[in-house]
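Observations on the model geometry
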Amino acid sequence: MADLGSVAWPPEPIRTGRLVLREPGGRDRAAFVELLASPEVHTYLGGPRPRDELERELPGVPERWPGSFVVDLDGSMIGQILLRRATGHRRPAAAGKADLGYLFLPRAWGFGYAAEACAAALGWFAGALPGEPVVLTTQTANLASMRLAAKLGFTEVERFEAWGAEQWLGMWSPVTASR
């Protein structure tokens, strides 16, 4: 994955009705460890990383790059949104497009936070890079992620086999999303 080009970064924090999307900081390190070590979070992502390995390797201030947002609820990180250029994507329809990824702590599931945060990130992206489409890939077995993709306005481009499971590739366009 590569950067988003000439996007000014970091933007001002993005505020929604309940959340703030902001740049990662040192106060988020423990939440990143929890997120990356969670078996529930990584059910469809190849499994969690060992907590002791993360404690040793994760820097004091998590990496910052354009398109990496911490999702903050009442001053605490509950998830992460990633918008990155899919330069090495294995599907031609996705290569070179921005790719949306998201991870939320299990305690934040079921409250609509992912939909709220992803919609805000897509809105920011549409303003920063007008007219550019965004892709999203998820396992078809991940029903919650499939529902979220539909709710956000992603439309199916194709299904394919990878990593031992059926994958779904969808695309979002600011033009179609605004209709």
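Here the structure is shown first, and the text comes after it.
Described in the following lines is the structure provided in the data block. None of the values given here were measured: they were computed from a predicted structure.

Before going further, it helps to spend a moment on the pattern of salt bridges. Scanning the model with the defined rule gives 13 salt bridges in all. A salt bridge links Glu 156 to Arg 159, with the shortest nitrogen-to-oxygen separation between them at 3.2 Å. Here Glu 156 falls in the partly exposed class, since its relative accessible area comes to 43%. We classify Arg 159 as partly exposed; its relative accessible area is 40%.

What follows concerns the environment of Gly 60. With respect to the element layout, Gly 60 can be found in the loop between α2 (51-57) and β3 (68-73). Placed 94 residues apart in sequence, Gly 60 and Phe 154 show a C-alpha to C-alpha distance of 35 Å. What Gly 60 contacts, discounting residues up to four positions off in sequence, is Gly 26 and Arg 29.

Among the nonpolar cores identified, the biggest contains 36 residues, and Ile 81, Leu 100, Trp 124, Val 134 and Phe 154 are the most heavily contacted of them. When residues of this core are traced back to their parent elements, those giving at least two are β3, β4 (76-85), β5 (98-104), α3 (113-128), β6 (134-139), α4 (143-152) and β8 (165-172). When residues of this core are assigned to their parent elements, the largest contribution, nine residues, is made by α3. With sequence-adjacent residues up to four places away left out, Phe 154 is seen in contact with Leu 100, Leu 122, Val 134, Val 135, Leu 136, Ala 149, Trp 168, Gly 170, Met 171 and Trp 172. One finds Leu 35, Leu 36, Leu 58 and Val 70 within the second-largest nonpolar core, a separate group that totals 13 residues.

Moving on, we get to the side chain of Thr 138. Structurally, Thr 138 can be placed in strand β6. Residue classification places Thr 138 among the buried positions, given a relative accessible area of 6%. Looking at Thr 138, its side chain comes within polar contact range of the side chain of Ser 145, at 3.1 Å.

Glancing now at α4. Buried within α4 are the following residues: Ser 145, Met 146, Leu 148, Ala 149 and Leu 152. Along α4, the residues classed as buried sweep out an arc of 160 degrees about the axis, all on the same side. Structural note: α4 exposes Leu 143, Arg 147, Ala 150 and Lys 151 on the side pointing more than 90 degrees away from its buried face. Directly after α4, the chain includes Gly 153, whose backbone phi takes a positive value near 95 degrees.

This paragraph deals with the pairing of β4. Among the ten residues of β4, eight are classified as buried, and the element is accordingly described as predominantly covered. As defined by bridge partners, β4 adjoins β5 across seven bridges and the pair is classed as antiparallel. Within β5, the position partnered with Arg 85 by the bridge is Ala 98.

A few words now on helix α1 (residues 29-37). Burial analysis of α1 places seven of its nine residues in the buried class, which makes it a mostly covered element. Along α1, the residues that are buried comprise Arg 29, Ala 31, Phe 32, Val 33, Leu 35, Leu 36 and Ala 37. Tucked into the core, α1 has its buried residues touching α2, β3, β4 and β5.

Scoring rules and cut-offs
- Residues numbered from 1 in each chain as written.
- Predicted model: local features only at pLDDT ≥ 70, side-chain atom pairs only at ≥ 80, totals over all residues.
- Heavy atoms only, no water.
- Salt bridge = Lys/Arg side-chain N within 4 Å of Asp/Glu carboxyl O.
- Buried < 20%, exposed > 50% of the residue type's maximum accessible area, 1.4 Å probe, protein only.
- Helix = DSSP H or I, 4+ residues; strand = E, 2+ residues; numbered from the N terminus.
- Contact = heavy atoms within 4.5 Å.
- Core = buried A, V, L, I, M, F, W, Y, C linked by side-chain atoms within 4.5 Å.
- Polar contact = N/O pair within 3.5 Å; in protein donor to acceptor, adjacent residues only side chain to side chain.
- Arc of directions from axis to C-beta.
- Pairing = 2+ DSSP bridges.

Read these as layout, nothing more, since geometry by itself doesn't imply function.
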